[in-house]
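In case you want the letters, here they are:
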Amino acid sequence: MRNKYASCGLNYDIILERYPNISEYEEIVNAYLDDDFFMELEEMLESEDYAMAKDATKGLYILASELCLFPLYERLLEIYEDLEFETYQELMEHYRDMIGTHSRIRGIFNA
């Protein structure tokens, strides 16, 4: 189990300390990873709806932090900072990095 989590950068010990029922935790994470905002965020960014994208990103990164999904949290925070400081040059690159991290984490929970 520990190796499964480590394979995508998650700390099993921290997660287990916060969520002793790992089956319930995985169920919650699967529901979170299915959130439509992960895919809708790309449309928001492409249409330059930055206010909505910022709100969606903030909600997603708060939940990633609460669920101890720190690699995903960091990628979402990069997007949020781009939006907050209106530095859009690397925004889509950061989005693609976040989706890659999302996919890696999703892969271990849906395996």
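Reading the values: the criteria
- Residues numbered from 1 in each chain as written.
- Predicted model: local features only at pLDDT ≥ 70, side-chain atom pairs only at ≥ 80, totals over all residues.
- Heavy atoms only, no water.
- Salt bridge = Lys/Arg side-chain N within 4 Å of Asp/Glu carboxyl O.
- Helix = DSSP H or I, 4+ residues; strand = E, 2+ residues; numbered from the N terminus.
- Buried < 20%, exposed > 50% of the residue type's maximum accessible area, 1.4 Å probe, protein only.
- Contact = heavy atoms within 4.5 Å.
- Core = buried A, V, L, I, M, F, W, Y, C linked by side-chain atoms within 4.5 Å.
- Phe/Tyr/Trp six-rings, centres within 6.5 Å; stacked < 30°, edge-to-face > 60°.
- Axes fitted to C-alpha atoms, helices over the stretch in contact; angles between N-to-C directions.
- Parallel < 35°, antiparallel > 145°, perpendicular 65-115°, else oblique.
- Left-handed = near helix turned anticlockwise from the far one by under 90°.
- Nonpolar A, V, L, I, M, F, W, Y, C, P; charged D, E, K, R; others polar.
- Disulfide = S-S within 2.5 Å.

## Brief notes about the pattern of salt bridges
Consideration 1: Summed over the entire model, instances satisfying the criterion amount to 6 salt bridges.
Consideration 2: Taking the shortest distance from any N to any O, the salt bridge between Glu-26 and Lys-4 comes out at 3.2 Å. One end of the pair, Glu-26, is in helix 3 (residues 22–33); the other, Lys-4, is in helix 1 (residues 2–6), with 22 residues separating them in the sequence.
Consideration 3: Judged by its relative accessible area of 14%, Glu-26 is buried.
Consideration 4: Of the charged contacts, one joins Asp-34 and Arg-106 as a salt bridge, the two residues approaching to 2.2 Å between their closest N and O atoms. Of this pair, Asp-34 sits in the loop between helix 3 and helix 4 (37–46) while Arg-106 sits in helix 7 (residues 91–109), and the two are 72 residues apart along the sequence.

## What to know about the side chain of His-102
Consideration 1: With respect to the helices, strands and loops of the structure, His-102 is situated in helix 7.
Consideration 2: The contacts of His-102, once residues within four sequence positions are left out, are Leu-33, Phe-38, Met-39 and Leu-72.

## Some thoughts on the nonpolar core
Consideration 1: In terms of nonpolar packing, the biggest core is built from 36 residues, with Tyr-25, Tyr-32 and Leu-69 touching the most fellow members.
Consideration 2: Where this core is concerned, the elements lending two or more residues are helix 2 (12–18), helix 3, helix 4, helix 5 (50–66), helix 6 (70–84) and helix 7.
Consideration 3: When residues of this core are assigned to their parent elements, the largest contribution, 7 residues, is made by helix 7.
Consideration 4: In this structure Leu-69 touches Leu-10, Tyr-25, Val-29, Tyr-32, Ala-64 and Ile-105, once residues within four positions along its chain are discounted.

## Some thoughts on the packing of aromatic side chains
Consideration 1: Per the stated rule, a full pass over the model turns up 8 aromatic pairs.
Consideration 2: Taking the centre distance of 5.2 Å and the plane angle of 70° together, the rings of Tyr-5 and Tyr-12 count as edge-to-face.
Consideration 3: A relative accessible area of 0% places Tyr-5 in the buried class.
Consideration 4: Taken together, a centroid distance of 5.5 Å and an interplanar angle of 85° make the contact between Tyr-5 and Phe-109 edge-to-face. Linking Tyr-5 in helix 1 with Phe-109 in helix 7, this pair joins segments that are 104 residues apart in sequence.
Consideration 5: Within the aromatic cluster, the residues linked to one another by ring pairs are Tyr-5, Tyr-12, Tyr-19, Tyr-25 and Phe-109.

## Things to note about the packing of helix 3 against helix 7
Consideration 1: Two numbers describe how helix 3 lies on helix 7: the axes approach to 10 Å, and their chain directions differ by 140°. Classified by the interaxial angle, the pair formed by helix 3 and helix 7 is oblique. In terms of crossing hand, the pair formed by helix 3 and helix 7 is left-handed. Packed against helix 3, whose contacting residues are Tyr-25, Glu-26, Val-29, Asn-30 and Leu-33, the element helix 7 presents His-102, Ile-105, Arg-106 and Phe-109 at the interface.
Consideration 2: Of the residues contributing to the contact of helix 3 with helix 7, the split by class is 5 nonpolar, 2 polar and 2 charged.

## Quick look at the state of the cysteines
Consideration 1: Overall, the coordinates contain 0 disulfides when judged by the stated rule.
Consideration 2: Cys-68 takes part in no disulfide bond, and the closest cysteine sulfur, belonging to Cys-8, lies 13 Å away.
Consideration 3: On the basis of relative accessible area, Cys-68 is assigned to the buried category, the value being 2%.

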